[in-house]
Amino acid sequence: MKNFKRKLFSILLVFTCLISTVFMSGSVESVKANLSDHLYPIMGSPSVTVNQMINYYEKHAKYPSDYQNSDAPTIYHFCKIYMEECEAEGVKTEVAFAQAMNETGFLKYGGDVHRSQYNFAGIGAVGGGAQGNSFRSVREGVRAQVQHLKAYASTQKLRNPVVDPRYKYVYSDTSPKAPYVQWLGIQENPNRQGWAAAKNYGYTLVDRYIAEMLGVSTFSTWYAGINYAPVYDPGYYIIHNPDAARAYGSNSDALIRHFINNGMSEGRIANPNFDVKSYMNRYKDLRNEFGNDLKRYYMHYIMSGQKEGRNALNCPTRQGGGVTKYAGKDYSLVYNYEYYIQNNPDVKNAFKDDDIAILRHFINNGMKEGRKSSPNFDWVSYRNAYADLRVSFKNDKQRYYLHYISNGKKEGRKATGVTTLLNPITKYAGKDYSAVYNYNYYIEHNKDVAAAFPNDDVATLKHFVEFGMKEGRQAAENFNFQSYKYEYKDLREAFGRDKERYYLHYISNGQREGRQATGVTSIRDGVTSLNGVDYSLIYNYIHYIENNSDVAASYPNDDEAVLKHFVEYGMREGRNSIEGFNVQAYKENNEDLRVAFGDDLAKYYEHYMRIGHTENRIHN
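Everything numeric in this text was worked out from a predicted model, so none of it was measured. Each chain carries its own residue numbering, running from 1 in the direction its sequence is written. For a predicted model such as this one, the threshold for reporting local features is a pLDDT of at least 70, and the threshold for listing and counting side-chain atom pairs is 80 or more; totals across whole chains, interfaces and linings nevertheless cover every residue. Derived side-chain values reflect all non-hydrogen atoms in the structure, with water molecules and hydrogen atoms excluded from consideration.

Turning our attention to the overall build of the chain. Working definition: helices are DSSP H or I runs of at least four residues, strands are E runs of at least two. Numbering for both runs from the N terminus. Summing up its helical and strand segments, the chain has 32 helices and eight strands in all. The C-alpha atoms of the chain give a radius of gyration of 50 Å, which is well past the 25 Å a tight globule of 620 residues would have. Counting only C-alpha atoms and orienting by the principal axes, one finds that the chain spans roughly 160 × 55 × 55 Å. Here the term buried applies to any residue with accessible area under 20% of the maximum for its type, exposed to any over 50%, and partly exposed to those in between, with areas from a 1.4 Å probe on protein chains only. Expressed as a percentage of the 620 residues in the chain, the buried residues total 48%. Here the analysis covers contacts within the chain between residues at least 6 apart in sequence; of these, 65% occur between residues at least 24 apart. Surface accessibility of the chain: about 30200 Å² in total, with carbon and sulfur atoms responsible for 48%. A distance of 10 Å separates the average location of the 75 positive side-chain charges in the chain from that of its 69 negative side-chain charges. Note on method: radius of gyration uses C-alpha positions; expected globular size equals 2.2 Å times residues raised to 0.38. Residues count as neighbours in contact if any of their non-hydrogen atoms are within 4.5 Å of one another. To measure how exposed things are, a 1.4 Å probe is used in the Shrake-Rupley method; for residues, cover is taken only from the protein chains shown. Positive charge is attributed to Lys and Arg, negative charge to Asp and Glu, and no charge count is given to His or to the chain ends. The location of each charge is read from NZ of Lys, CZ of Arg, CG of Asp or CD of Glu.

Structure (structure tokens):
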């Protein structure tokens, strides 16, 4: 019951608004009757609105095209100027406007005065071919007419500077010559003074012009200088939008404001000749330009579409194929609507035939997900083909699409058909690792890396740099860190167990020095220095491991560990460490040392290194 009452109320309200509109437009005779009974003052507040003036004028004429480059390019601006100039001087706007329409034949002219003179009331045109005065702009011509009316109707001073050349001949500071419109005719003026000599001049203005103007509807299609008539009819809007009718149905400006600020963005139909959804569906070029901004479709039809003869009705489905532009950017190089929905059925199911929503999905999601979007672009192929892009973008899929749009196409880059990585990178953080690293060799011999970073040379090289060298992984056929380490005693003494430094040495120096980096399977010349002490007089790596099999087994191919064992344990244990020196013989043949060192065998080794070898003591 409540819903029924609401609907009934809406219907009655709409009906009332329509009746009011019809009543206003048909009330000329009743208005004329009321006016005829009274003298109509020239001075006072306006009794018409700008909307009524526009509707009144458009009922009789089309605004002259040669005024489009003036300071009043439209009838809206023209009427606004009249309202502003009349309010400035306190002259009733409908009086001045009615007089202008009478004098100019609704701006058609045709007499002695020409339209280019901006003389709207025949000021100075006294007949006999005299053209009268000319003014520099519409506003100046209107101001001169308003000032001339005020000179007849009031003793008050002007508020604006004088532009009426005949003002001084009319104005009186003691008593007005014609305070009423009817008295503007000299024959009807009790003082026999007035604007024009024609019989019933003032009565004609009131009965024929002002009365009709006051009876015209206050609802207009004009707002802020724009005529929304191609897409907006106030009566149609009221009928089809009862919520707007309830809120704004009695106020023209409020109603059209609602349409402009809300109705257009909501896609409301406000004119039987314009359906924004049909207009949007029919024209792909507009969808490319405006997307889902419905208001721009209305404005386009107002400004251009109607003049171009575009059809704004009866198009329920999208025409012309899918859009490729969004937010001013053209994605056609990497995106094809038909291809995208064919290869991404989930997108088609989600957005049906909404080509704008589908393009937006591609931009916001599809590129990031690396979806197939065009037969002419495959981001994987594009990535495979160009190492410089892989270095810059890594696995940021979206950037490959965007690069091709902005640069790749212009540069002639290939974007399809490349199934494997070309020219895998060897540089990382500005350093070239090609002397010790080859991508294909690394993934072939390090399956865990290949599995972790499939088809990703950037991440693979990063793994090698950050982990592979530290772990001693072989990354190139021509470099084996163990071989390099085994071959060069100086490097083992410098780097010890720090595997990474062998790789880096070969890159920076070893290759240039012609050092061998493969083929050596065992240490050839063990280190003899530990913590700055040279043990070469009492120690030889090969001799030590050959004569101490337990040490060789504990530290295979590790001369640094073997030397450390000798220093920390072997000397105390009196182990055989070099040909030509026997610690027991050294002890037995040097009584003074036995007295000094007793059974501390390590001290015998140390003594021989420091002094004994220079004293030619018996040592074997």
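Having seen the model, we can carry on.
Time to look at the packing of aromatic side chains. We describe a pair of aromatic rings using the distance from one ring centre to the other and the angle between the two ring planes. Ring pairs shown here join Phe, Tyr and Trp side chains whose ring centres sit within 6.5 Å, with only the six-membered ring taken for Trp; geometry is labelled stacked below 30 degrees between planes, edge-to-face above 60, and tilted in between. Applying the stated criterion across every chain, the model contains 62 aromatic pairs. Here Phe464 and Tyr503 contribute two aromatic rings whose centre-to-centre distance is 5.7 Å and whose plane-to-plane angle is 80 degrees, an arrangement assigned as edge-to-face. In this pair, Phe464 sits in helix 23 (residues 457-471) while Tyr503 sits in helix 26 (residues 499-513), placing the two residues 39 residues apart along the sequence. Here Phe464 matches Tyr503 in class, with each residue buried. Considering the side-chain rings of Phe581 and Tyr608, the 4.8 Å spacing of their centres and the 40 degrees angle between planes classify their relative orientation as tilted. Of this pair, Phe581 sits in the loop between helix 29 (559-573) and helix 30 (583-588) while Tyr608 sits in helix 32 (residues 601-610); the two residues are 27 residues apart in sequence, bridging distant segments of the chain.

A positive phi angle, near 50 degrees, is found at Asn423, a position not held by glycine. Mapped onto the secondary structure, Asn423 falls in the loop between helix 20 (397-408) and strand 5 (427-428). By relative accessible area, which is 60% here, Asn423 ends up exposed. Look at Asn531: it is not a glycine, yet its phi comes out positive at around 55 degrees. Note that Asn531 resides in the loop between strand 7 (529-530) and strand 8 (533-534).

Remark: nonpolar core denotes a set of buried residues (Ala, Val, Leu, Ile, Met, Phe, Trp, Tyr, Cys) joined through side-chain atoms within 4.5 Å. Of all hydrophobic cores here, the largest spans 62 residues; its most connected members are Phe78, Phe97, Met101, Phe120 and Leu184. Contributions of two or more residues to this core are made by helix 3 (50-60), helix 4 (75-89), helix 5 (93-104), helix 6 (138-153), helix 7 (167-170) and helix 8 (201-214). Not counting the four nearest positions on each side in its chain, Phe97 is found in contact with Met53, Tyr56, Tyr57, Phe78, Cys79, Tyr82 and Met213. Membership of the second largest hydrophobic core comes to 55 residues, among which are Ala244, Phe274, Val276 and Phe290.

The next thing to look at is helix 8. In a regular helix each residue adds 1.5 Å, so 14 residues correspond to 20 Å; helix 8 covers 19 Å between its end C-alpha atoms and thus fits that length. For helix 8, the tally of buried residues reaches ten of 14 residues, placing the bulk of the element in the interior. Within the span of helix 8, buried status applies to Tyr201, Gly202, Leu205, Val206, Tyr209, Ile210, Ala211, Glu212, Met213 and Leu214. A helix is expected to reach a length of 1.5 Å times the quantity of its residues less one.

As for its position among the elements, Asn119 is in the loop between helix 5 and helix 6. From its side chain, Asn119 meets the backbone nitrogen of Ala121 in a polar contact 3.4 Å long. Between N or O atoms, a polar contact is any pair within 3.5 Å; within protein, one atom must be a potential hydrogen donor and the other a potential acceptor, and residues adjacent in sequence are included only when both atoms are from side chains.

Our focus in this paragraph is the environment of Arg166. Along the chain, Arg166 falls in the loop between helix 6 and helix 7. Owing to a relative accessible area of 37%, Arg166 belongs among the partly exposed residues under this scheme. Along the backbone, Arg166 and Ile42 are 124 residues apart, and their C-alpha atoms lie at a distance of 18 Å. Every residue in contact with Arg166, bar those within four places of it in the chain, is listed here: Ile123, Gly124 and His148.

The end-to-end C-alpha distance of helix 4, which contains 15 residues, comes to 22 Å, matching closely the 21 Å that a straight helix rising 1.5 Å per residue would cover. Turning to helix 4, its buried residues number three or more, namely Ile75, Tyr76, Phe78, Cys79, Ile81, Tyr82, Met83, Glu85, Cys86 and Glu89. Those residues of helix 4 hidden inside the fold are in contact with helix 3, helix 5, helix 6 and strand 1 (222-223). Downstream of helix 4 by a residue or two, Gly90 has a phi angle that is positive, lying close to 80 degrees.

The next subject is the environment of Asn281. Here Asn281 lies in helix 12 (residues 276-282). Distance in space between the C-alpha atoms of Asn281 and Leu530 is 84 Å, their sequence separation being 249 residues. Once residues lying within four places of it in the same chain are set aside, the contact partners of Asn281 are Arg287, Cys315, Pro316, Thr317, Arg318 and Gln319.

This part covers the packing of helix 3 against helix 5. With axes taken as lines fitted to C-alpha atoms, and helix axes fitted only over the stretch in contact, angles between N-to-C directions fall between 0 and 180 degrees. Contact geometry for helix 3 and helix 5: axes closest at 12 Å, N-to-C directions at 15 degrees. Taken together, helix 3 and helix 5 sit at an angle that is classed as roughly parallel. Both helix 3 and helix 5 take part in a crossing whose hand is right-handed. Within the contact between the two elements, helix 3 uses Met53, Tyr56 and Tyr57 and helix 5 uses Thr93, Phe97 and Met101. Gly counts as polar in this scheme, as do all residues outside two lists: the nonpolar Ala, Val, Leu, Ile, Met, Phe, Trp, Tyr, Cys and Pro, and the charged Asp, Glu, Lys and Arg. A class-by-class count of the residues in the contact of helix 3 with helix 5 yields five nonpolar, one polar and no charged. Any angle from 65 to 115 degrees is called roughly perpendicular, while one under 35 is roughly parallel, one over 145 is roughly antiparallel, and all others are oblique. Crossings are classed by handedness, with left-handed meaning an anticlockwise turn of the near helix from the far one by less than a right angle and right-handed meaning a clockwise turn.

Moving on, we come to the state of the cysteines. Counting rule for disulfides: a pair of cysteine sulfur atoms within 2.5 Å. The full count for this structure, using the stated rule, is zero disulfides. With no disulfide partner, Cys79 has as its closest neighbouring cysteine sulfur the one in Cys86, 11 Å distant.

Turning our attention to the confidence of the model for the chain. Do not read the fine detail of predicted coordinates wherever pLDDT is low. Across the chain, the average pLDDT comes to 92, with 94% of residues at 70 or higher. Note that residues 4-27 has pLDDT below 50 and, in this model, 23 contacts with residues that lie over four places away or in other chains. The predictor reports its confidence for every residue as pLDDT, a score running from 0 up to 100.

Taken N-terminus to C-terminus, the directions of helix 5 and helix 6 make an angle of 115 degrees; their axes are 10 Å apart at the nearest point. Considering how the two elements wind past one another, helix 5 and helix 6 form a crossing that is right-handed. On the side of helix 5, the interface is formed by Val95, Ala96, Gln99 and Ala100, while helix 6 contributes Gln145, Val146 and Leu149. Here the residues of the contact of helix 5 with helix 6 are counted per class, giving five nonpolar, two polar and no charged.

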